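Notes for the structure review
One letter stands for each residue in the lines below.
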Amino acid sequence: MSVTTVAEPMTDTKLDQLSIDTIRTLSIDAVQQAKSGHPGTPMALAPLVYTIWNRVMRFDPADPIWPNRDRFVLSNGHASMLLWSVLHLTGTQAVNSDYERLGHPSVSLEDIRRFRQLGSKAPGHPEYHWVSGVETTTGPLGQGVATSVGMAIARKWLADRYNRPGFPIFDYSIYAVCGDGCLMEGVASEAASLAGHLGLDNLCWVYDNNHITIEGQTSLAFTEDVAGRFLAYGWNVLRVGDANDLDRIQHALSVFHTTKGRPTFIILDSHIGYGSPHKQDTAAAHGEPLGDEEVRLTKRSYGWPEGAQFLVPDGVREHFAAGVGARGAAARSGWTGLFASYRAEYPDLANEIDRMQRRDLPAGWDRNLPVFPADAKGIAGRDASSKVLNVLAQTIPWFLGGSADLGPSNKTTLTYEGAGSFQAESPGGKNLHFGIREHSMAAIVNGLSLSKMRAFGATFFIFSDYARPAIRLSALMELPSIFVFTHDAMGDGEDGPTHQPVEHLASLRAIPGLVTLRPGDANEVVEAYRCVMQLRHQPAVLVLSRQPLPTLDRRAYGPAAGVARGAYVLADPPGGDPEVILIATGSEVSLAVEAHEKLLAEGIRSRVVSMPSWDIFDHQPQEYRDSVLPPTVKARVAVEQASTFGWERYVGRSGHVIGMKTFGASAPLKALQEKFGFEPARVVAAAKELLGRQ
């Protein structure tokens, strides 16, 4: 006679714990196998992430780009194994750039086995463009929470424009998890201050309060009253004293959902490296593997098979399917039906939403862009930009933006009737007021772009230094974010070298995938925007003048449409090939034209090339590049009020660059141009010297 032992049915409580420990052990095993990574935070925060995903969040793993999904941001991105584990266990599907579900997991168990290895969909930090289910790239601390503010602003704006009675098309929430490092970084403070001012009650940050950083106890450098700080920002502050208490975590999240007029900040007291007998609550659990023996002892403390690696026990995937899977599918299905009814009643608005989600533009979006007549006195780049921005904001409903408290100087304020300002009481406004917060401004613009809106942020070019980390991330994420920088060179003369950008063009040109444009007159500004607005996977920087620039007579010079190719022939000598090529950007284009006319008067055949964008030009076919810069013409002069770094690629070893090799000075523009050699005579002399015609 045989006896069959029947296993005791698994209760929901046991499945909860089993799922949490699966996240923990997958994280431990992945870091151990990679011999690199951060195991301690996933061990501590597995209950939090489990609760958000499997009990609370509206997210459909079968459709991770559903427009009304809740967003989850892991700002302390070094804990990426939290995200890879939950994306795997929920069965989140991969989506390609054409928004077609591909029918395979976003993160497979094999990807987790190959954590931090080449080609794995489980990289060292969350990467938006690489792994479906990642809402934003994080890693540089503070960036994630700052970007989440942009997401929250976007949801408010989208709801104001598109929601109608009985049709809550956009009503999702944004959850961001952060750590001590995020809160120490200034960008998080900037963003939190603005979020509190705007009353973003759709935004919840959860702070992992574990008292540990890489160097040791946070008391070494971080002893402020974090709760008091966020209360002062205008947030609703809650505290959960035990990171393992799922019910208390869920209750705190329910308070978030019922809080109106304020964002929510939850302080979660946790133990880094939870369950590790020798490394819990120590810096040793932060940024290095536990070690084989400690892994074994830790698994024993969880009641886990000590020798098992990358184990996903029976019932865990099914538990996630019954939780976030079922809840998300039902929410998405309900929304899809709602949107179908919405489309029938509001077809034009539904069409806008469709276009926005595909990053398409409305038909005729550029029909009213200005054309500027020839004018020797000209118009400043910032003034031409203002006219363009006010057209775009009216023809593209989801186009908006603002400045870091420099709207009147950047000329980026949208002044048409009905533009309005985005504030807590007016979430449909098109003018964003970022305050003097350049870094968070750029991160917030990224958050808006991640929400499929077209957004711009603006400041003086010199302050791109403060925004650069977020600009870099926009390129890494392949987002069409737009950054408008004015006061591009010596035009802000009397303010002196602190306000005169020298190395900034070279710095931004060095960022892979970032399109940097420095237009030379008003019509080049128009064409620069025309080019930028059609980008779908690249951010762009527009670098504009403070001072008026002559508007060139396009009947005599090459059409400004050449901006779309990065560089183009603006002027050529009559009869015969050029002997010398003058290359310029921005305010120096008109300077090169003056020099060109003087050279022609002396019988020297010169060509003028306007080169607003190195990046765009470098991506043109070789045949076109050679037609603009013929390899046979070695005599070349480049002129730009910026560092000469990099210009050798265009002028060659025998060419000459008139640029900046020092910082500037405080003086009127004319005096600075004379001091640093930005005058036609200097360009003429350089050309003649190259030709041996002194």
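Everything discussed here concerns the structure shown above.
Quantities reported herein were computed from a predicted structural model and do not represent experimental measurements. (Residues numbered from 1 in each chain as written. Predicted model: local features only at pLDDT ≥ 70, side-chain atom pairs only at ≥ 80, totals over all residues. Heavy atoms only, no water.)

**Looking at the overall build of the protein**
In plain terms, the rule: Secondary structure follows DSSP: runs of H or I at least 4 residues long count as helices, runs of E at least 2 residues long count as strands, and numbering of each begins at the N terminus. The reference for a compact globule is 2.2 Å times residues^0.38; the radius of gyration itself is calculated from the C-alpha atoms. Throughout this description, buried means an accessible area under 20% of the type-specific maximum (1.4 Å probe, protein chains only), exposed means over 50%, and partly exposed covers the range between.
A count of helices and strands for the protein gives 24 helices and 22 strands. Whereas a compact globule of 694 residues would reach a radius of gyration of roughly 26 Å, the protein reaches 28 Å, a difference of no more than 12%. For the protein, the spread of C-alpha atoms along the principal axes amounts to about 110 × 60 × 50 Å. Counting every position in the protein, which comprises 694 residues, the buried fraction comes to 61%.

**As for the nonpolar core**
We count it as follows: In plain words, nonpolar cores are sets of buried Ala, Val, Leu, Ile, Met, Phe, Trp, Tyr and Cys residues tied together by side-chain atoms within 4.5 Å.
Judged by nonpolar contacts, the single largest core of 161 residues is most densely connected at Y162, W205 and L582. With 58 residues, the next largest nonpolar core counts I20, A79, A122 and I266 among its residues.

**As for the packing of helix α2 (residues 40–56) against helix α11 (residues 316–345)**
Our working definition: Here an axis means a line fitted to C-alpha atoms, over the contact stretch when the element is a helix, while the angle between two N-to-C directions is reported on a 0 to 180 degree scale. Residues are treated as being in contact if the distance between any of their heavy atoms lies within 4.5 Å. Gly is placed with the polar residues, together with every amino acid not listed as nonpolar (Ala, Val, Leu, Ile, Met, Phe, Trp, Tyr, Cys and Pro) or charged (Asp, Glu, Lys and Arg).
The contact between α2 and α11 brings their axes to 7 Å, and the two run at 60°. Here Y50, W53, N54, R55 and V56 of α2 come into contact with α11, specifically with H319, F320, G323, V324 and R327. Of the residues in the contact of α2 with α11, the class split is five nonpolar, three polar and two charged.

**Some remarks on helix α18 (residues 522–533)**
To keep it simple, the criterion reads: By this rule the span expected of a helix is its residue count minus one, scaled by 1.5 Å.
Taking 1.5 Å of rise per residue, the 12 residues of α18 would be expected to cover 16 Å, and the 17 Å separating its terminal C-alpha atoms lies within 8% of that figure. Within α18, 11 of the 12 residues are buried, which leaves it mostly tucked inside the rest of the structure. Among the residues making up α18, those that are buried are A522, N523, E524, V525, V526, E527, A528, Y529, C531, V532 and M533.

**Focus on the sheet that holds strand β1 (residues 71–74)**
For the record, the criterion: When DSSP finds at least two bridges between two strands, those strands are taken to pair.
Read from one edge to the other, the open sheet built from five strands follows the order β1-β4-β5-β9-β8, with strand pairing classed as parallel. Whereas interior strands pair on both sides, the edge strands pair on one side only; in this sheet they are β1 and β8 (236–240). Put simply, the sheet's adjacent strands are angled 20° from each other on average, direction ignored. Against the sheet, α2 contacts β1, β4 (174–178), β5 (203–209) and β9 (264–269), and its axis sits at roughly 175° relative to β4. Where helix α9 (residues 246–258) meets the sheet, its contacts fall on β4, β5, β8 and β9, and the angle it forms with β8 comes to roughly 170°.

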